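# Results of the structural survey
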Amino acid sequence: MTVCSLERVVMILVEDLIIVSQREIAPRIFEMVLKGEMVADMQVGQFGHLKVPDPSKLLRRPISISEIDYDKKEATIVYRVEREGTAILSKMVAGQTIDTMGPQGNGFDLTNLGQGQKALIIGGGIGVPPLVQVAKQLHEQGVEVEVVVGFATKEAVILEEELSQVAHVTVTTDDGTYGTKGYVSTVIDQMEQEFDAIYSCGAPGML
């Protein structure tokens, strides 16, 4: 079994990506689809640095890439509104552009897995979005994918449908309002099967 990361030399680009769509998928959680030439250089598990369109906000917001459509040159990001900066991002609409620096980060190495192998994906809360593309690409490579994702409560559950299209998904909630009550470890500790690789993203405690 291996826990994977990926190191590669990547050219950092800056581009005004076009917002194709934006919607709220859970309380304070937004899904934004962006379009531009930069998408061609994006890899699974990387993130973009978004500039908030407000002169008082000097720091960019790092937001992970959830899905990549190379044919359409579109990338989907999912983020949570935390403070004023992300609140401004959540008010942006289709047709507007957003100054984006990227892609950044090492991402995940999926190259050594293929037909007949098994992978376990573990995600928690807002750490789940970048794992959607991981599951999709592993599925395309013929890998059997098992996903365990944990959230605080039913209202916070996101991306279950997208993950279920390419993997067997188990959802846990801290309060038991949806899926299995408990943490992701509640499910993982009971697993008897072995996996060729594990991919995970979430809070340090969960990791």
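What comes next is a walk through the structure. Values in this document were obtained by computation on a predicted structure and should not be read as measured data.

How each quantity is defined
Residues numbered from 1 in each chain as written. Predicted model: local features only at pLDDT ≥ 70, side-chain atom pairs only at ≥ 80, totals over all residues. Heavy atoms only, no water. 1 Å grid on protein atoms, 1.4 Å probe; cavity = no way out; pocket = protein on both sides within 12 Å on 5 of 7 lines; lining within 4 Å. Points joined across faces, edges and corners; volume = space filled by probe spheres on them. Helix = DSSP H or I, 4+ residues; strand = E, 2+ residues; numbered from the N terminus. Nonpolar A, V, L, I, M, F, W, Y, C, P; charged D, E, K, R; others polar. Pairing = 2+ DSSP bridges.

On to the layout of surface pockets. Taken as a whole, the largest pocket holds about 630 Å³ of empty space. If you trace the largest pocket, you find 33 residues lining it, with Ile 126, Gly 127, Pro 130, Ser 200 and Cys 201 closest to the centre. Within the residue set of the lining of the largest pocket, elements represented by two or more residues are strand 5 (61-69), strand 6 (74-80), helix 4 (184-188) and strand 12 (197-201). Residues that form the lining of the largest pocket fall into these classes: 20 nonpolar, 10 polar and 3 charged. There is about 430 Å³ of room inside the second largest pocket. If you go around the second largest pocket, you meet 26 residues; those closest to its centre are Gly 124, Gly 125, Gly 150, Phe 151 and Ala 152. Sorting the residues of the lining of the second largest pocket by element identifies strand 8 (118-124) and strand 9 (144-151) as the ones contributing at least two each. Tallied by class, the residues present in the lining of the second largest pocket amount to 12 nonpolar, 10 polar and 4 charged.

On to the pairing of strand 2 (residues 13-26). Two strands pair when backbone bridges link them, and strand 2 and strand 7 (residues 97-104) are joined in this way by 6 bridges, in the antiparallel orientation. Within strand 7, the residue paired with Ile 18 across the bridge is Thr 97. Taken together, the 7 bridges between strand 2 and strand 3 (residues 29-35) define a ladder with antiparallel strand orientation. Following the sheet pairing, Ser 21 is matched in strand 3 by Val 33. Between the antiparallel neighbours strand 2 and strand 3 lie 2 residues, among them Arg 28 with a positive phi of about 70 degrees.

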